[in-house]
Amino acid sequence: MFSTGFGFEQFLEWVDSAREKDLQAVEAFLIGDCPDREELPRVIRRHSQAPVIAMNDTLSLEQTLGLFSAGVDDVVRKPIHVREILARVHAIRRRAEARQDYATFDRIQVFFDGRDPVIDGEPFPLPRRERRVLELLVLNKRRRLTKTQVFNAVYGLFDEEVEETVIESHISKLRKKLRKQLGYDPIDSQRFLGYLLVSQTEATGK
């Protein structure tokens, strides 16, 4: 995971000028204490649907209510561990998924109620973990996901009994099945950058 920080004015300049694919790559926005910070969630929402979390130095009901009214998804108190922040980000994303019945990409349709995905209108049965990986990729279409992000979403942030290498196995098996069904490889894999779902036109130029 990569993180970067901005001052208030610097952030406003960046978010207004950032390319769409750069904004889509942002997993979450973390807002610290700064002047006019209740304006930031409104600005972010004009450009991105990524989770927005605000940090407070002290407990303040008035500040907390003001931040939620401004559009943040969660408010936390400092100090806070980065793993807790990531866990909250994934919880916010899971709730967003639960509000969606399905998502589509090219010829693939996935559901968020446990049903198998559909390709070209026909059921495409998958083991639970592979189905979850495909759901994640479709939900985050146009956004590259790292192996760690996929692992955290599939196995849970605090599951230390499973190694991240299992994700490579899930991805490999899923790619073979999708390639056989679709006639092309829909998962673009780059060693250090992660995984991205691509359309047939993007993959084959046809």
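Refer to the structure above for everything that follows.
It should be emphasised that the depicted structure is a prediction, and the values quoted were computed from it without experimental measurement.

Draft legend 1. Focus on the overall build of the chain. Scanning the chain from terminus to terminus reveals nine helices and nine strands. Oriented by its inertia axes, the alpha-carbon framework of the chain measures out at about 55 × 40 × 30 Å. By the burial criterion, 41% of the 206 residues in the chain qualify as buried. Counted over contacts in the chain with a minimum sequence separation of 6, partners at least 24 positions apart contribute 47%. When the accessible surface of the chain is summed, it comes to about 12100 Å², and 49% of that surface belongs to carbon and sulfur atoms.

Draft legend 2. Inspection of the sheet that holds strand S6 (residues 118-119) at higher detail. Strand order in this open sheet of four strands is S4-S5-S6-S7, and the pairing throughout is antiparallel. At either margin of the open sheet sits one strand with a lone partner, and together these are strand S4 (102-105) and strand S7 (122-123). Pairing between S6 and S7: two bridges, direction antiparallel. When the sheet's bridge partners are listed, Ile-119 is paired in S7 with Glu-122. Against the sheet, helix H6 (residues 128-139) makes contact with S4 and strand S5 (108-111), and its axis sits at roughly 110 degrees relative to S5, the strand it touches most.

Draft legend 3. Just the pairing of S4, in detail. Of the two faces of S4, only the one carrying Ala-103 and Phe-105 is buried; Tyr-102 and Thr-104 on the other face are not. As paired strands, S4 and S5 are joined by four bridges and run antiparallel to one another. What sits directly across from Phe-105, in S5, is Ile-108. The loop that links S4 with its antiparallel partner S5 comprises two residues; one of these, Asp-106, has a positive phi angle of about 55 degrees.

Draft legend 4. Quick look at the pattern of salt bridges. Within the structure shown, the criterion is met by 14 salt bridges. Its salt-bridge partner being Asp-185, residue Arg-175 comes within 2.4 Å of it at the nearest N-O pair. Placement of the pair is Arg-175 in helix H8 (residues 165-182) and Asp-185 in the loop between H8 and strand S8 (187-190), with a sequence separation of 10 residues. Counted as one network, the salt bridges with shared partners bring together Asp-74, Glu-84 and Arg-88.

Draft legend 5. Here's a closer look at the nonpolar core. Counting residues in each nonpolar core, the largest one holds 28 residues, and the members touching the most others are Leu-134, Val-138, Val-150, Ile-167, Leu-178 and Ile-187. Contributions of two or more residues to this core are made by S4, S5, H6, helix H7 (147-155), H8 and strand S9 (194-197). Ile-187 has contacts with Leu-137, Ile-171, Leu-174, Arg-175, Leu-178, Tyr-195, Leu-196, Leu-197 and Val-198, leaving out every residue within four places of it along the chain. Core analysis: the second largest hydrophobic core is formed by 18 residues, Phe-8, Ile-31, Leu-40 and Val-72 among them.

Draft legend 6. The arrangement of the packing of H6 against H7 in detail. Running from N to C, H6 and H7 point in directions that differ by 125 degrees, and their axes come no closer than 10 Å. Taken together, the axis directions place H6 and H7 in an arrangement best described as oblique. H6 and H7 meet at a crossing whose hand is right-handed. In this structure, H6 contributes Arg-129, Arg-132, Val-133 and Leu-136 to the contact, and H7 contributes Gln-149, Val-150, Ala-153, Val-154 and Tyr-155.

Draft legend 7. Focus on helix H1 (residues 8-17). Here H1 has its buried residues at Phe-8, Phe-11, Leu-12 and Val-15. Each buried residue of H1 sits inside an arc of 100 degrees when the element is viewed along its axis, so together they form one side. Facing away from the buried side of H1 by over 90 degrees, the exposed positions are Glu-9, Glu-13 and Ser-17. Elements in contact with the buried residues of H1: helix H2 (20-24), strand S1 (29-31) and helix H3 (40-45).

Draft legend 8. Local environment of a negative patch on the surface. Taken together, the side chains of Glu-9, Glu-13, Asp-16 and Asp-36 present a region of like negative charge at the surface. Tracing the backbone shows Asp-36 in the loop between S1 and H3.

Definitions and limits used
- Residues numbered from 1 in each chain as written.
- Predicted model: local features only at pLDDT ≥ 70, side-chain atom pairs only at ≥ 80, totals over all residues.
- Heavy atoms only, no water.
- Helix = DSSP H or I, 4+ residues; strand = E, 2+ residues; numbered from the N terminus.
- Buried < 20%, exposed > 50% of the residue type's maximum accessible area, 1.4 Å probe, protein only.
- Contact = heavy atoms within 4.5 Å.
- Areas by Shrake-Rupley, 256 points an atom, 1.4 Å probe, with all protein chains shown as cover.
- Pairing = 2+ DSSP bridges.
- Axes fitted to C-alpha atoms, helices over the stretch in contact; angles between N-to-C directions.
- Salt bridge = Lys/Arg side-chain N within 4 Å of Asp/Glu carboxyl O.
- Core = buried A, V, L, I, M, F, W, Y, C linked by side-chain atoms within 4.5 Å.
- Parallel < 35°, antiparallel > 145°, perpendicular 65-115°, else oblique.
- Left-handed = near helix turned anticlockwise from the far one by under 90°.
- Arc of directions from axis to C-beta.
- Patch = residues over 30% accessible without salt bridge, like charges linked within 9 Å, V, L, I, M, F, W, Y side chains within 5 Å.
- Lys, Arg positive; Asp, Glu negative; His and termini not counted.
- Charge placed at Lys NZ, Arg CZ, Asp CG, Glu CD.

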